[in-house]
Number of protein chains: 2
Amino acid sequence: MAPDEERGRPGRAQPTMNHVAARAGVGLSTVSRVVNGDPHVSTAKSAAVQRAIEELGYRRNESARQFRTGATETVGLVIEDVTDPFFSQLSQSVEDVARDRGSMLLVASYRRENDRARQIIHSLSARRLEGIVVTPSERGDVSYYASELNSGLQMVFVDRPAPGHIADAVITDNRASCRDGVAHLIAQGHRRIACLTDRAHLYTTLERLAGYRDAIEAAGLTYDPVLVHSSVPDDGQHRVALARMLDSAAPPTAIFTCNNRATISVLKGLSLRDEKPALLGFDDLELAGSLTPGLSVIAQDPFAMGRIATEQLFQRIDGYRGPARTTMLPATLVTRGSAETGPPR
Amino acid sequence: MAPDEERGRPGRAQPTMNHVAARAGVGLSTVSRVVNGDPHVSTAKSAAVQRAIEELGYRRNESARQFRTGATETVGLVIEDVTDPFFSQLSQSVEDVARDRGSMLLVASYRRENDRARQIIHSLSARRLEGIVVTPSERGDVSYYASELNSGLQMVFVDRPAPGHIADAVITDNRASCRDGVAHLIAQGHRRIACLTDRAHLYTTLERLAGYRDAIEAAGLTYDPVLVHSSVPDDGQHRVALARMLDSAAPPTAIFTCNNRATISVLKGLSLRDEKPALLGFDDLELAGSLTPGLSVIAQDPFAMGRIATEQLFQRIDGYRGPARTTMLPATLVTRGSAETGPPR
């Protein structure tokens, strides 16, 4: 921990709410309501207060904040698995923004264990971190997120929205990007398109599957549950499901995989077979362009997700108390060949 | 930070050096010498003391340790870049061992910036971490590692030895594994084998290049510096060097890449060309088996490296003060096709 004398900023008096009120020409209660995100303030007054806050560099309750966080200029990142390239890129991005703020990063992976996610959050809160960026676990009782928020731990959620929308979240527009990607496969002439996803209860699975279904139905095709499989992508179940589909009487001619783990499972499964169905993956992979054919993907932007989430986290740490925001990021279709072939004639 | 009352362990008195001496049937000074790694203690006495330490669960200077670390049950990991799969796997492994000890993990990446590495170490030390696992930067003044060790920050080095061998280190047997790998290429009939490496000053580059040269010379071939290129692998220089070699009058028929970044650069470069030289990479890649042909590699074990380093770090944190140890891990040749073809006839 830096000693106290390093943290103080002598020579720069901290502005108070009274300064903000005077500068904005409003009452103290109005400043308080703006700072706490109360919607019952006129737009003009709210704008004046926001302008005064920026001009004065006001930070809400600075001493309370320092009391809480003084010992640790540290933020946390809670993710599923740092060896997943999506999460390692997110981690680098969060670390970079934190570093620009003089903060270091605690990283903790819960590896799909909800109890572990809970322990991690509790442990980070007990360490009085400034705040955390978190990919929420989505099973079991997740009310502890709300409790921790209420106790003063700032949180921004990534990849999946906050349970109950209780906090800021930065997520990809999964449904629209998957709809467009599957429509791209349909435009190549495919009529039977398999969809291999992660666990069915995940928010991202549900959204990506909804996008798949949107495209199927928009093209006047029939949604066939036989062509959809959801499970943990790493344990061989995906490969079994793929083989079952390809060995059926009406096999798929194209495959859509709903995240990088599913894509890798399917690539491994296809390497054991003669069929070469068209393939579109969700999430880019570093060697995608070196495969034969090149792997076409819907590319998320984990760097942007981490950057925006961490910036929003520091806004909260600095005292912003507006209502929870959800930021939706686009994903990009990258065509490299694997999804640009039609069905066999 | 956990409040003090959570950290204490009432009901379990901490054993002291006096308890250890009594149990081992030796004097207090002997216990002190064993604990501090003094070699001038008989093997029998040393063994008796070690046994007593284990039986009693003695930890050296527990109160001093808690004074230093009580506020943070946290270890640090200092690496080049968490988006590199080698480092993300190392990170997961360190986190898992730390978690089993009730510690959390601060991760910091210095991205090849030596000044940043120094700032990070200083910052971690100022936070009074229990200890750190660190991939040393190797340029500029690295004497700060020794200063931090002297100030009581425990360190274990990974991937590259500690500067001046001042601390424990866990490294791969780079030279032997590269010699065997390049000998494998020579056994396929290759006589001109290019070697693309990371920056020339890195310990790992020097060792892997030495292994390459060992194999070349053991086969009675001539080491040709025209076939060797060293640079940061991500910035296109590798691809330029590769093109220059392949366009020369005596092009290589096989390529050895000295880490995962170099392999990816070369794969990208080769995707733009008609030649398909044999290829052997150092470091495994997740999609290696999905490439055509499958990518043969010399696979390090970053999980074992992280696990052993973190276990050694906790031994140091618990008071072990023996001389600095260097643990050498083997690497495994994994044949998937790309290195199992001879030169064109």
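Owing to the predicted nature of the structure, the values given are computational and were not obtained by experimental measurement.

Calculation notes
Residues numbered from 1 in each chain as written. Chains lettered and ligands numbered in written order. Predicted model: local features only at pLDDT ≥ 70, side-chain atom pairs only at ≥ 80, totals over all residues. Heavy atoms only, no water. Contact = heavy atoms within 4.5 Å. Buried area = accessible area lost by both parts, 1.4 Å probe. Salt bridge = Lys/Arg side-chain N within 4 Å of Asp/Glu carboxyl O. Polar contact = N/O pair within 3.5 Å; in protein donor to acceptor, adjacent residues only side chain to side chain. Helix = DSSP H or I, 4+ residues; strand = E, 2+ residues; numbered from the N terminus. Phe/Tyr/Trp six-rings, centres within 6.5 Å; stacked < 30°, edge-to-face > 60°. Buried < 20%, exposed > 50% of the residue type's maximum accessible area, 1.4 Å probe, protein only. Lys NZ or Arg CZ within 6 Å of the ring centre and 35° of its normal. Pairing = 2+ DSSP bridges. Axes fitted to C-alpha atoms, helices over the stretch in contact; angles between N-to-C directions. Parallel < 35°, antiparallel > 145°, perpendicular 65-115°, else oblique. Left-handed = near helix turned anticlockwise from the far one by under 90°. Nonpolar A, V, L, I, M, F, W, Y, C, P; charged D, E, K, R; others polar. Least-squares fit on C-alpha atoms with pLDDT ≥ 70 in both. Disulfide = S-S within 2.5 Å. Expected span 1.5 Å × (residues − 1).

Asks: What is the right way to read the interface of chain A and chain B from this model?
Replies: Frequently, the measure chosen for interface size is the accessible area that the parts lose on association. Across the contact, 46 residues belong to chain A and 45 residues belong to chain B. Both sides together, the interface formed by chain A and chain B hides about 3,800 Å², and carbon and sulfur atoms give 51% of it. Here chain A is connected to chain B by eight salt bridges. A salt bridge links A:R261 to B:E286; the shortest N-O distance between them is 2.8 Å. At the boundary of chain A with chain B, the tally comes to 20 residue pairs in polar contact (both at pLDDT 80 or more). Where the side of chain A that touches chain B is concerned, the elements lending two or more residues are α6 (85-100), β2 (104-109), α7 (114-126) and α12 (260-270) of chain A.

Asks: Explain the packing of aromatic side chains to me, please; I cannot follow it from the model alone.
Replies: Each pair of aromatic rings is reported with the distance of its centres and the angle of its planes. Residues and elements named next belong to chain A. One pass over the structure, following the stated rule, counts eight aromatic pairs over all chains. Measuring from ring centre to ring centre gives 5.3 Å for Y145 and F157, while their planes differ by 75°; the resulting arrangement is edge-to-face. Here Y145 is found in helix α8 (residues 144-150), whereas its partner F157 is found in strand β4 (residues 154-158), with twelve residues between them in sequence. With relative accessibility at 0%, the residue F157 sits in the buried group. Taken together through their ring pairs, the aromatic side chains of Y144, Y145 and F157 make up a single cluster. The ring of Y223 carries R213 above its face, with NZ or CZ at 3.9 Å from the centroid.

Asks: Just checking my understanding: could you explain the environment of B:R239 for this structure?
Replies: Residues and elements named next belong to chain B. Turning to its location among the elements, R239 is positioned in helix α11 (residues 237-246). What makes R239 partly exposed here is its relative accessible area of 37%. Along the primary structure R239 and L270 are separated by 31 residues, whereas in three dimensions their C-alpha atoms are 8.3 Å apart. If we skip the residues at most four places from it in the chain, R239 touches S265, K268 and G269.

Asks: Is there a simple way to explain the sheet that holds strand β6 (residues 193-197) of chain B in this structure?
Replies: Sheet strands associate in pairs through backbone hydrogen bonding, adopting either a parallel or an antiparallel arrangement. Residues and elements named next belong to chain B. As summarised here, the arrangement of the six strands in space is β7-β6-β8-β9-β10-β12, forming an open sheet in which the pairing is mixed. In the strand order of this sheet, the two ends are held by β7 (228-230) and β12 (332-334), each with one partner. Put simply, the sheet's adjacent strands are angled 15° from each other on average, direction ignored. In terms of strand pairing, β6 meets β7 through three bridges, oriented parallel. Bridge assignment links C195 to a residue of β7, and that residue is V228.

Asks: Could you clarify how one ought to interpret the packing of helix α11 (residues 237-246) of chain A against α12(A) in this entry?
Replies: When two helices pack together, their arrangement is captured by the angle between the axes and the distance separating the axes. Residues and elements named next belong to chain A. Packing of α11 against α12 leaves a shortest axis separation of 9 Å and a crossing angle of 55°. With respect to α12, the axis of α11 lies oblique. Here α11 and α12 pass one another in a crossing that is right-handed. Across the interface between the two elements, H238, R239, L242 and L246 from α11 touch A262, S265, V266, K268, G269 and L270 from α12. Each residue belonging to the contact of α11 with α12 can be placed in one class, and the counts come to five nonpolar, three polar and two charged.

Asks: Help me out: how do you make sense of the relation of the copies chain A and chain B in this one?
Replies: Relating one copy of the chain to the other takes a rotation about an axis and a shift parallel to that axis. Once chain A has been moved 0.0 Å along the axis and rotated by 179°, it coincides with chain B to within an RMSD of 0.3 Å. Both copies of the chain, as the preceding transformation shows, are related through a two-fold rotation axis. By C-alpha distance to the rotation axis, the residue of chain A lying nearest is A:L106, at 2.0 Å. Same-surface contact between copies: 98% of interface residues of chain A are shared with the interface of chain B.

Asks: In this structure, what is going on with the state of the cysteines? I would like to understand it.
Replies: By definition, a disulfide links two cysteine residues through a covalent bond between their sulfur atoms. All names here are of chain A. All chains considered together, the criterion is met by zero disulfides over all chains. The cysteine C195 is free of any disulfide, with C258 supplying the nearest cysteine sulfur at 3.6 Å. By relative accessible area, C195 is classed as buried at 0%.

Asks: Explain the sheet that holds strand β6 (residues 193-197) of chain A here, please?
Replies: Residues and elements named next belong to chain A. Read from one edge to the other, the open sheet built from six strands follows the order β7-β6-β8-β9-β10-β12, with strand pairing classed as mixed. Among the strands making up the open sheet, the edge pair consists of β7 (228-230) and β12 (332-334). Put simply, the sheet's adjacent strands are angled 15° from each other on average, direction ignored. As defined by bridge partners, strand β8 (residues 254-257) adjoins strand β9 (residues 278-282) across four bridges and the pair is classed as parallel. In the sheet register, T257 faces β9, and the bridge partner there is G281. The strands touched by helix α10 (residues 203-218) are β6, β7, β8 and β9; relative to β6, the strand with the most contacts, the crossing angle is about 175°. The strands touched by α11 are β6, β7 and β8; relative to β7, the strand with the most contacts, the crossing angle is about 165°.

Asks: For this particular structure, what's the right way to read the pattern of salt bridges?
Replies: When the charged atoms of two side chains lie near each other, side chains of opposite charge can form a pair. Under the criterion given, the structure shown has 39 salt bridges over all chains. Ionic contacts of the salt-bridge type, sharing partners, join the residues A:E80, A:D159, A:R160, A:D198 and A:R199 into one network.

Asks: Is there a simple way to explain the pairing of strand β5 (residues 168-172) of chain B in this structure?
Replies: When a strand is regular, its side chains alternate between the sheet's two faces. All names here are of chain B. With respect to burial, β5 is a largely interior element, five of its five residues being buried. One ladder, built from three bridges, connects strand β4 (residues 154-158) with β5; its direction is parallel. Looking at the pairing, V156 lines up with D168 of β5.

Asks: Would you take a moment to explain unusual backbone geometry for this structure?
Replies: Comment: phi is negative for the bulk of residues other than glycine, and the bulk of peptide bonds are trans. All names here are of chain A. Along the chain, T292 connects to P293 via a cis peptide bond; the corresponding omega equals -5°. For P293, the location among the structural elements is in the loop between β9 and β10 (296-299). Phi is positive for R128, close to 55°, though the residue is something other than glycine. Note on placement: R128 falls in the loop between α7 and β3 (131-134). The exposure class of R128 is partly exposed, given its relative accessible area of 39%.

Asks: How do you make sense of the environment of A:H229 when you look at a structure like this?
Replies: All names here are of chain A. Tracing the backbone through its elements, the reader meets H229 in strand β7. What makes H229 buried here is its relative accessible area of 13%. Taking the C-alpha atoms as reference points, H229 and L196, separated by 33 residues in sequence, lie 5.0 Å from one another. Excluding its chain neighbours within four sequence positions, the residues that come into contact with H229 are C195, L196, T197, Q237, H238, A241, R244 and M245.

Asks: Just to check I follow, could you spell out helix α9 (residues 174-187) of chain B for this structure?
Replies: Structurally, the α-helix is built with 3.6 residues per turn, so residues lying three or four positions apart point the same way. All names here are of chain B. For α9, which comprises 14 residues, the first-to-last C-alpha distance of 20 Å matches the rise-based estimate of 20 Å (1.5 Å per residue) to within 8%. Buried residues of α9: N174, A176, S177, C178, G181, V182, H184, L185 and I186, and no others. Taken from the residues just after α9, G189 is the one with a positive phi, measuring 105°.

Asks: Explain α12(A) to me, please; I cannot follow it from the model alone.
Replies: Residue and element names in this part refer to chain A. Most of α12 is tucked away: ten of the eleven residues are buried. Taken together, the buried positions of α12 are occupied by N260, R261, A262, T263, I264, S265, V266, L267, G269 and L270. Its buried side turned inward, α12 meets α6, β6, α11, β8 and β9.

These figures come from the coordinates and say nothing about function on their own.
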